[in-house]
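If you want the building blocks of each chain, they are given just below.
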Amino acid sequence: MKPTYSIIVPIYNEICCLDALYSRLKEVMDSTGEPWELVLVDDGSTDGSTDKIRQLAEQDDRIRPVIFARNFGHQIAVTAGMDYSRGDAVTIIDADLQDPPEVILDLINKWKEGYEVVFAVRAEREGETWFKMFTASLFYRIIFKITDVDIPMDTGDFRLLDRKVVDVMGTMRERHRFLRGMGAWVGFRQIGVPYRRAARYAGETHYPFRKMFKLALNAITSFSYFPLQLATYVGFISAGISIVTIPIVIIMRLAGDQAFLGQASTLIAVLFLGGVQLISLGILGEYIGRIYDEVKGRPLYIVSEAPSETNH
Ligand code: UDP
Ligand code: MG
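These figures come from a predicted structure and were not determined experimentally.

1. A closer look at the overall build of the chain
So, point 1. Counting its secondary structure elements, the chain contains 10 helices and eight strands.
So, point 2. Relative to a compact globule of 312 residues, whose C-alpha radius of gyration would be 20 Å, the chain shows 25 Å and is clearly more extended.
So, point 3. For the chain, the C-alpha atoms occupy an extent of roughly 90 × 40 × 35 Å along the three principal directions.
So, point 4. The buried share among the 312 residues of the chain stands at 45%.

2. Description of the coordination of the magnesium ion (ligand 2)
So, point 1. Distances from the magnesium ion (ligand 2) to its protein donors, Asp-96 (OD) and Gln-98 (OE1), fall at 1.8 to 1.9 Å.
So, point 2. The exposure class assigned to Asp-96 is buried, which follows from its relative accessible area of 3%.

3. Points about empty space enclosed by the protein
Empty space among the atoms can be located by rolling a probe the size of a water molecule over them.
So, point 1. Summed over all chains, the structure comprises one cavity of 30 Å³ or more.
So, point 2. Taken as a whole, the largest cavity spans an internal volume of roughly 40 Å³.
So, point 3. Ile-92, Asp-157, Arg-159, Leu-161, Met-169, Leu-179, Arg-180 and Gly-183 together form the lining of the largest cavity.

4. Concerning the site of ligand 1
So, point 1. Taken together, 19 residues surround ligand 1, and among them Glu-14, Asp-43, Asp-96, Thr-205 and His-206 come closest.
So, point 2. Between ligand 1 and the protein, one listed contact pairs an oxygen atom with a backbone N or O atom of Ala-95 at 2.9 Å.
So, point 3. Asp-96 places a side-chain nitrogen or oxygen 2.5 Å from an oxygen atom of ligand 1.
So, point 4. Isolated, ligand 1 exposes 530 Å² of accessible area, and the fraction of that covered by the protein chains is 96%.
So, point 5. Considered class by class, the residues forming the shell around ligand 1 number five nonpolar, six polar and eight charged.

5. With respect to helix α4 (residues 103–112)
So, point 1. Listed in full, the buried residues belonging to α4 are Val-103, Ile-104, Leu-107, Ile-108 and Trp-111. The buried residues of α4 occupy an angular sector of 145 degrees when the element is viewed end-on, so they sit on one face.
So, point 2. Just beyond α4, the residue with positive phi is Gly-114, at close to 115 degrees.

Parameters at a glance
- Residues numbered from 1 in each chain as written.
- Chains lettered and ligands numbered in written order.
- Predicted model: local features only at pLDDT ≥ 70, side-chain atom pairs only at ≥ 80, totals over all residues.
- Heavy atoms only, no water.
- Helix = DSSP H or I, 4+ residues; strand = E, 2+ residues; numbered from the N terminus.
- Rg over C-alpha atoms; globule rule 2.2 N^0.38 Å.
- Buried < 20%, exposed > 50% of the residue type's maximum accessible area, 1.4 Å probe, protein only.
- Donors = N, O, S within 2.8 Å, 3.2 Å for Na, K, Ca; no water.
- 1 Å grid on protein atoms, 1.4 Å probe; cavity = no way out; pocket = protein on both sides within 12 Å on 5 of 7 lines; lining within 4 Å.
- Points joined across faces, edges and corners; volume = space filled by probe spheres on them.
- Near = heavy atom within 4 Å.
- Polar contact = N/O pair within 3.5 Å; in protein donor to acceptor, adjacent residues only side chain to side chain.
- Areas by Shrake-Rupley, 256 points an atom, 1.4 Å probe, with all protein chains shown as cover.
- Nonpolar A, V, L, I, M, F, W, Y, C, P; charged D, E, K, R; others polar.
- Arc of directions from axis to C-beta.

Okay, here's the thing in structure tokens:
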């Protein structure tokens, strides 16, 4: 039987959270009185989470385990969860209970009102360092400014998607995924529900600065050409400056002034432009690398164990 609700949880080394997660989700979902399934995606865990997932799946046949052959990253794990989900409304939630499962009921209410994308907006956050909060807030603001799609501020991947949206997003097989942006890009009726983001139930974040930076780069390069246009802007500005300054220097020299003599001024100009050129090349390289990845057309993820039916 097809469940009404699917819950997708990406899991990477979350052994300490899994029991608590399952019991809280079960309580919340049972209270809806409708059939549901829980898609647990194991993203190459090495701490025994994989066995724990198998064990839970044996106890409760509403659990669909999807076990990756290695770590593919959070966004890919969520994508796999969407591919294996069958429900009419699909909710994505983190394993660490930072997103309280009880909020799912609020998301469901909005879905029943007819909204097709219901995202949970972080009104408050507990137990995060000021550095993470600062970089996250900077990230949302930059993305908002330079991308064409209106990615809602302060939302994570905790959201409910209607089956229609899941099916559309399932056809978007881009490798460098920024699901929040893709969710905004597809359109449909969207609404936010505010909630308090709790502290982690146990363990530590698997999103260190390095991974956050990578996600930010994916977000920018997937949704904006702005970095590519930067070279054009800087080029026009420096050409403009030289057109103005060259005649000034010539006139000063003809007037017998000793202005801009020596190597220092030459070196500064050369190093500055050299730097700008290298940065522009790097930005080009970033986009070319992504084109290369897409062209190879490899599968997004490899599963070592998974239910036989998928949406793909
Ligand atoms: N996660 C994953 N693969 C990874 C990193 C994280 O599936 O490579 C999962 C993790 O188990 C959790 C969710 O993604 O369920 C969010 O990760 P985390 O809580 O570490 O990030 P934060 O909330 O600190 O941004
Ligand atoms: Mg977390």
